[in-house]
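# Summary of structural features
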Amino acid sequence: MLSSGARGVRLARMLLGALAVVAVGRQFFAEVGLADFSPVNFFSYFTILSNIAAGLLLFRLGAAPGLGNRAVLEWLRGGMTVYMATTGVVFALLLDDGDLGLTLPWVNTVMHRVIPLVMLVDWLLVRPRARVPYGRAVIWLTVPLVYVVYALGRGAVTGWFPYPFLRPEQVGGVGGVVLHLFAMAVGIAAASLLVAWLGNVRQERVDAPLPV
């Protein structure tokens, strides 16, 4: 099990965090000159938002692992692990049809495969510095819930939805949207509890008293 203060861990976190942010920035500048480009639409993708947040958090953890409230940082780290795992799984199951649209191939790989895997490996290999109570882990569902409310509300007004499973006409009506969202909610809830358990059980092992 690796320590968050290890030089290799710190360097890897900063480099990979920077990669996530650079990938989003490169995609932004690839689209910004298009006639129909909308910055609000661009930043309305959960993929974009989660990669920015994960990148900034990774860089922060690498640059100053000893600063800040350990419990808060581990809670954020666990939450970002869940969100990036969601990004990767949803893309693989529902969105990976071979049509990248305007997304640059390497950016697509970074955002949908590399950073989700990085967050999961980081959570599994780097020892948590604090426990995440299961009650607080459930709070991780708040972010996806707020995002869905925003995406559906804005879509109802503008007619633009970031993902096809949010568009009733593409999933068999409103019932199809509800079914997709319910399945995702169950999956995110299960992932939240699993991520918290994986962190807590390793923390308990580290904190357990040595046998006499």
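Details of the structure are given in the entry above.
Anyway, here's the lowdown on the structure attached to this text. The structure presented is a predicted model; accordingly, all values stated were derived computationally and were not measured. Residue indices follow the written sequence of each chain, beginning from 1 at its first position. Only residues with pLDDT of at least 70 are given local features in this predicted model, and only at 80 or more are side-chain atom pairs given and counted; all residues enter the totals for whole chains, interfaces and linings. Just so you know, side-chain values use all the structure's heavy atoms and leave hydrogens and water out.

The helix count covers DSSP runs of H or I at least four residues long, the strand count covers runs of E at least two residues long, and both are numbered beginning at the N terminus. You can see Thr81 is positioned in helix 4 (residues 70-95). In this structure Thr81 comes out as buried when scored by relative accessible area, which is 2%. Setting aside chain neighbours within four positions, we find Thr81 in contact with Met119, Leu120, Trp123 and Val195. Burial classification: accessible surface area is computed with a 1.4 Å probe over protein chains only, and a residue below 20% of its type maximum counts as buried, one above 50% as exposed, and the rest as partly exposed. Between two residues, a contact is recorded if the distance between any of their heavy atoms is within 4.5 Å.

Now for the nonpolar core. Ranked by internal contacts, the top residues of the largest apolar core, which has 43 residues, are Met80, Ile115, Met119, Trp140, Tyr163, Phe165 and Leu166. It is helix 4 that contributes the most residues to this core, eight residues altogether. Not counting residues within four places of it along the chain, the set of residues in contact with Leu166 comprises Ala151, Leu152, Phe161, Val177 and Leu181. Throughout this description, the term nonpolar core refers to a set of buried Ala, Val, Leu, Ile, Met, Phe, Trp, Tyr and Cys residues connected via side-chain atoms within 4.5 Å.

Let us now look at the environment of Leu193. As for its position among the elements, Leu193 is in helix 8 (residues 174-207). Between the alpha carbons of Leu193 and Val138 there is a distance of 7.2 Å; along the sequence they are 55 residues apart. Apart from the residues within four sequence positions on either side, Leu193 is in contact with Tyr134 and Val138.

In this structure, the largest pocket occupies an estimated 770 Å³ of space. Using protein atoms alone on a 1 Å grid, points that fit a 1.4 Å probe yet trap it form a cavity, whereas open point sets bounded by protein on both sides within 12 Å along at least five of seven lines form a pocket; residues with an atom within 4 Å of a point count as lining. If you trace the largest pocket, you find 28 residues lining it, with Tyr45, Leu100, Leu102, Thr103 and Pro162 closest to the centre. Of all the elements in the fold, those that place two or more residues in the lining of the largest pocket are helix 1 (7-31), helix 2 (39-42), helix 3 (46-63), helix 4 and helix 5 (105-125). Each residue receives one of three labels: charged for Asp, Glu, Lys and Arg, nonpolar for Ala, Val, Leu, Ile, Met, Phe, Trp, Tyr, Cys and Pro, and polar for the others, Gly being one of them. When its residues are assigned to classes, the lining of the largest pocket shows 15 nonpolar, eight polar and five charged. Of the pockets and cavities examined, the second largest pocket occupies roughly 370 Å³. Around the second largest pocket, the lining comprises 18 residues; the ones closest to its centre are Pro144, Val148, Leu181, Met184 and Ile188. Grid points are joined across faces, edges and corners, and a volume is the space filled by probe spheres set on the points.

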